[in-house]
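Below are the chains, spelled out letter by letter.
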Amino acid sequence: MQLTQPRLNATRRWYKTGAAYFLLIGITVVMAIPVVWMFSTALRPEEFVRKYPVQWIPQDITFENFKLALDSYPALVRWFLNSAFVAAATAALSVLVDALGAYALARLEFFGRRLVFIGVLATMLIPVEATMVPLYLGLSRARILVTDFGIYASLILPVVANAFGLYLLTQFFQGIPKDLEDAARMDGSTDFGIWWRIILPLSGPAITAVLIFSFMASWNNFLWPFILTGSDTTRTLPAGLATIFGGISPSSVRYGVVMAGAALATLPPILVFLALQRYFVQGISMTGIKG
Amino acid sequence: MSVNTPARPGTLNRATARTVNSAQSSPNRNRTAYMFLVPYMVVFAAFLLLPAIAGLFMSFTNWRILGDPSWVGLNNFTSMFNDKMFWQAFRNTLSFTGLTVPILVAGGLGLAVLYNMRLRGRVIARTVTFIPYAIMVTVVGVLWRWIYDQNFGLLNFYMGSLFPALKAMPWLTSVQNALPAVAITTVWWQIGTNMIIYLAGLQEIPQELYEAARVDGASAFQQFRFITLPGLRLMHIFVIPMSVISSMRIFGQVMVMTNGGPIGSTYTLVQHLYSKGWINQYMGEASAVGVFLFAITLTFTLFQMRALRSNT
């Protein structure tokens, strides 16, 4: 009995590892299929798009669909640039206001700190849709939405105060050792100087995480831009794509072209994301020890 | 990179309070802190707090885009509650939330545990799981519409080769299947976010706890129940409400995939809000829907907070 125990354990461990790998591979394949399918469809000549049996690797790969997508929807490029601009501006402003606020919450002692901290966290519970009607009416009555500049500002500012970012940065800043700050204070550094020269440079991963997080939130934002933008000049990519994709009836869709458009919209963020995801994970784990 | 020991997340660092002496805790000190908070608070008040309060106020008026509003008391709420479309939207939203949240939370946790094991290829698996997060909702919608296509879709091709009877199964065009189909899409799209947050939480749990438990003869399940789950408490407090809220807010997927159909089977609360406000131009009633949505998510969250607090 005692002799067989180790062998039994070894077999059991082997089964466990096998099951884990089975799950790992299965889940990866299932998660990857839709994205691969999108690219596979986009690279296929139109006559091979609606065809059974399914061919994963098209017989003659073509880039015709990409050209067709850009020709039939010339506004795609403009939408893409609008989205990139709006998301970048949102992310930059978000990080700025979050990092300033987080410094106060993490490093300074002041009257009402707990209240502010809890109050800010509680706002994560407000669904933005509940604020959308009054915000829209206010902006439209103040005649802000009549200019393109006003529309861009209205796309950016409502998503700048990002409670999750503030929370994440507060947590991260609290973990930074005090001694550097004390030394700087001895040398007569102001709080702003400490924030700029000590806290920010030490918070790379957390700041990257908040940047990616607010960039993505704005990049994916759909309903608000959909309501706000009425012309191709200001339309963001999700809102613009909805005007293409929303109206088409299933039988007449040229999925080759549509998937090419979708792939064009998807590839750049995926690449950026792949390049930065390491920081994203690090930033969220708040410790910075996995680098 | 240096090793930073984080303060206990979720609590403000008490050490700060101790090192700051009373002389510094003066009005002067307060002013510096408020200066740092001003930019956030201004944007927050102007674009979140004020509109939220205004929304509550507007739900008692008959606002339109033009013209002067007047106070109509509870009229918006009575007409909202008398509207069959509202109840259908509410039912659909609840079913959708019920379908997605358990999978998003438990599945996200399960994936995090799996990807935290020392397996080859786990980084690739983690990346692939997280990639859908970078895809915008309109693309997600149209991509899955193509996958669900009744005659030439990818899903029905494989369904048909496994079970020939299901070769032409309707997905998005069937009253029964449309909402679950949208739910599957949403799980695929969103599960990576929860996985990443749980994964970050798992890496915070000290390994010694598991070693000690193993020495004491705790089974894998016991380790999960008594170390992993409580160790992720703060992550649950974040992940569960956020998953509920994002599911209650579903709009983009149905907008692109089904436009609320067939026969309203995927019509959701936010769609109702949108159509009341921007299609019918009843801004007052749209605000009432917004207030209702907020009240519901708040109730859910408070219940969850209480449940989590008593459980762990």
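Just so it is clear, the model here is predicted, and its values are computed rather than measured.

Cut-offs and rules
The numbers attached to residues start from 1 for each chain and follow its sequence in the written order. Chain A is the first chain written and ligand 1 is the first ligand written, with later ones labelled in order. For this predicted model, a pLDDT threshold of at least 70 governs which residues receive local features, and a threshold of 80 or more governs which side-chain atom pairs are given and counted, while totals over whole chains, interfaces and linings are taken from all residues. Think of it this way: any DSSP run of H or I at least four residues long counts as a helix, any run of E at least two long counts as a strand, and we number them from the N terminus. Counting other C-beta atoms within 10 Å of its own, a residue is labelled buried from 20 upward, exposed at 12 or fewer, and partly exposed in the gap between, with every C-beta atom placed from the backbone. For the purpose of contact definition, each residue receives a C-beta atom placed from its backbone, and two residues are in contact when these atoms lie within 7 Å. Our radius of gyration looks at C-alpha atoms and nothing else; its globule reference is 2.2 Å times the residue count to the power 0.38. Either an automatic procedure or a domain database provided the assignment from which the domain bounds are taken. The predictor's confidence in any single residue is recorded as pLDDT, a number from 0 to 100. By the convention adopted, Pro, Cys, Tyr, Trp, Phe, Met, Ile, Leu, Val and Ala count as nonpolar, Lys, Arg, Asp and Glu as charged, and the other residues, Gly among them, as polar.

Concerning the overall build of chain B
Stage number 1. Along its length, chain B carries 14 helices and zero strands.
Stage number 2. Written out in order from the N terminus, the α and β elements of chain B read α-α-α-α-α-α-α-α-α-α-α-α-α-α.
Stage number 3. Each principal axis of the C-alpha distribution contributes one length, and for chain B these read about 65 × 60 × 35 Å.
Stage number 4. Counting only residues that meet the buried cut, chain B has 43% of its 312 residues in that class.
Stage number 5. Contacts in chain B between residues far apart in sequence, at least 24 positions, make up 69% of those at least 6 positions apart.

With respect to the overall build of chain A
Stage number 1. When helices and strands are tallied, chain A shows 13 helices and zero strands.
Stage number 2. In chain A, the succession of helices and strands from N to C terminus is α-α-α-α-α-α-α-α-α-α-α-α-α.
Stage number 3. Taken against the 2.2 N^0.38 rule, which gives 19 Å for 291 residues, the C-alpha radius of gyration of chain A at 25 Å runs more than 25% over that of a compact globule.
Stage number 4. C-alpha extents for chain A along the principal axes are approximately 85 × 75 × 35 Å.
Stage number 5. Expressed as a percentage of its 291 residues, the buried residues of chain A come to 46%.
Stage number 6. Sequence-distant contacts, at least 24 apart, represent 76% of the contacts inside chain A between residues at least 6 apart.

Things to note about the domain arrangement of chain A
Stage number 1. Under the domain assignment, chain A is made up of domain 1 (4-64) and domain 2 (73-247).
Stage number 2. Just the C-alpha atoms count here: the centres of domain 1 of chain A and domain 2 of chain A sit 37 Å apart.

Some thoughts on the confidence of the model for chain B
Residues and elements named next belong to chain B.
Stage number 1. In the predicted model, chain B carries a mean pLDDT of 85, and 90% of its residues have values of at least 70.
Stage number 2. Within chain B, helix 4 (residues 84-116) carries the highest mean pLDDT (95), whereas helix 1 (residues 14-19) carries the lowest (44).
Stage number 3. Taken as a whole, residues 1-11 scores under 50 in pLDDT and shows 20 contacts with residues more than four places along the chain or in a different chain.
Stage number 4. The model gives residues 13-24 a pLDDT under 50, and that stretch makes nine contacts with residues more than four places away or in other chains.

Considerations on the interface of chain A and chain B
Stage number 1. The partner chain B presents 93 residues to the 87 residues of chain A that form the contact.
Stage number 2. The dominant element in the side of chain A that touches chain B, judged by the number of residues it contributes, is helix 13 (residues 255-285) of chain A, at 14 residues.
Stage number 3. Looking at the side of chain A that touches chain B residue by residue, the classes come out as 61 nonpolar, 17 polar and nine charged.

Things to note about the environment of A:Thr229
Residues and elements named next belong to chain A.
Stage number 1. Checked against the element boundaries, Thr229 lands in the loop between helix 11 (223-228) and helix 12 (237-245).
Stage number 2. Each C-alpha atom, one on Thr229 and one on Leu145, is 8.8 Å from the other, the two residues being 84 residues apart in sequence.
Stage number 3. Discounting residues that sit within four places of it in the chain, Thr229 has contacts with Ile151, Thr234, Arg235, Thr236 and Ala239.

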